[in-house]
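Coordinate analysis (summary)
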Amino acid sequence: MVRYGRIQEDREWSQTGSREVITCLLEDFLRGRLGRSLYLTLPGLSSRAAQYACSLLGHALQKHGASPELQKQIRELESHLSLGRKLLRLGNSADALESAKRAVHLSDVVLRFCITVSHLNRALYFACDNVLWAGKSGLAPRVDQEKWAQRSFRYYLFSLIMNLSRDAYEIRLLMEQESSACSRRLKGSGGGAPGGIENAGPGGPGTPGGVLPHLALKLQLRVLLLARILRGHPPLLLDVVRNACDLFIPLDKLGLWRCGPGIVGLCGLVSSILSILTLICPWLRLKP
């Protein structure tokens, strides 16, 4: 009887524990945490990289005249990976909304606007993507998949534009800080402006035919300063490259700039690899 009572207690504890685990998972799913933990992990990003690698491989096979059967298999694999990614993104809309709520409290007005609008567009993008997944999986067969796909890519494009605007603002602030620091160092050492940019001398802006060389020198100095800033701030550099690569995907899908499956696959693969790198090395992720 004692043994039977212990078995009953173990069963009741096991059932209670299972219910608690399921309840926690449902709560995390509704809050978007489960979607975030599934998608923003190495398997989720690896599936994204595999999907765009299939797109790039399919384009290469088609270009080199591979067998139609092999090309069909690659396209089917890419389609299955895409559907699996959409499943992993369920619940990410709520997480994007939570990120937008946190971004509202940023002190910098420009950063607050860019990051908040970006997260709001991502939330709408994930919502449209969830509807598209329901249509492709057969749960909602009457869904107009083409219309919802266009909507999702439109919100995705707006989100990337906001991300690149934020990157440009960060670069501008760093360039101003670097220029001010250089000016202070030159004044402290008693030197003048480099290259005769400010003072009109031989070949300067005040002489005939000296405008173009002056502008060319100024542009060259700006490019060198930009390269120095990006080299000294790897998180910003990776964010710029990743957003720039992702930008080609909605531009192609919306028909605004037809890049072809090869360029889209290459850009998506590079972006996925950079995302995996920021996941493995969190210090490479741009903050906030």
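As the structure is a prediction and not an experimental result, all values here were calculated from the model.

About the cut-offs
Residues numbered from 1 in each chain as written. Predicted model: local features only at pLDDT ≥ 70, side-chain atom pairs only at ≥ 80, totals over all residues. Heavy atoms only, no water. Axes fitted to C-alpha atoms, helices over the stretch in contact; angles between N-to-C directions. Helix = DSSP H or I, 4+ residues; strand = E, 2+ residues; numbered from the N terminus. Parallel < 35°, antiparallel > 145°, perpendicular 65-115°, else oblique. Left-handed = near helix turned anticlockwise from the far one by under 90°. Contact = heavy atoms within 4.5 Å. Nonpolar A, V, L, I, M, F, W, Y, C, P; charged D, E, K, R; others polar. Salt bridge = Lys/Arg side-chain N within 4 Å of Asp/Glu carboxyl O. Core = buried A, V, L, I, M, F, W, Y, C linked by side-chain atoms within 4.5 Å. Buried < 20%, exposed > 50% of the residue type's maximum accessible area, 1.4 Å probe, protein only.

1. Topic: the packing of helix H7 (residues 145-189) against helix H9 (residues 234-253)
Helices that pack against each other are described as a pair by the angle of their axes relative to one another and the distance between those axes. Look at H7 against H9: their axes get within 9 Å of each other, and the N-to-C directions meet at 150°. Compared by their axis directions, H7 and H9 come out roughly antiparallel. The two elements H7 and H9 meet at a crossing, and its hand is left-handed. On the side of H7, the interface is formed by Gln150, Phe153, Tyr156, Leu157, Leu160, Asn163, Leu164, Asp167, Glu170, Ile171 and Leu174, while H9 contributes Leu236, Asp239, Val240, Asn243, Ala244, Asp246, Leu247, Ile249, Pro250, Leu251 and Lys253. Its residues placed into classes, the contact of H7 with H9 shows 14 nonpolar, three polar and five charged.

2. Observations regarding the environment of Ala100
Within the element layout of this structure, Ala100 appears in helix H5 (residues 92-103). Separated by 15 residues in sequence, Ala100 and Ile115 place their C-alpha atoms 7.2 Å apart. With near-sequence residues (within four places) excluded, Ala100 lies in contact with Thr116, His119 and Leu120.

3. A word on the pattern of salt bridges
Within this structure, the stated rule accounts for eight salt bridges. We note a salt bridge from Asp129 to Lys86, for which the minimum N-O separation is 2.7 Å. With Asp129 in helix H6 (residues 109-137) and Lys86 in helix H4 (residues 68-88), this residue pair connects regions lying 43 residues apart in the sequence. A salt bridge links Glu170 to Arg166; its shortest N-O distance comes to 3.4 Å. Here the residue Glu170 and the residue Arg166 both occupy positions in helix H7, the gap between them amounting to four residues, near one helical turn.

4. Topic: the nonpolar core
Grouped together as the largest cluster of nonpolar side chains are 13 residues, with contacts concentrated most on Phe153, Tyr156, Leu157, Leu247, Ile249 and Val264. The set of elements that each furnish at least two residues to this core consists of H6, H7 and H9. Among the elements that take part in this core, H7 stands out by supplying four residues, more than any other. Contacts of Leu247, omitting those with residues within four sequence positions, involve Leu157, Leu160 and Leu164. Of all hydrophobic cores here, the second largest spans eight residues; its members include Met175, Leu225, Ile229 and Leu286.

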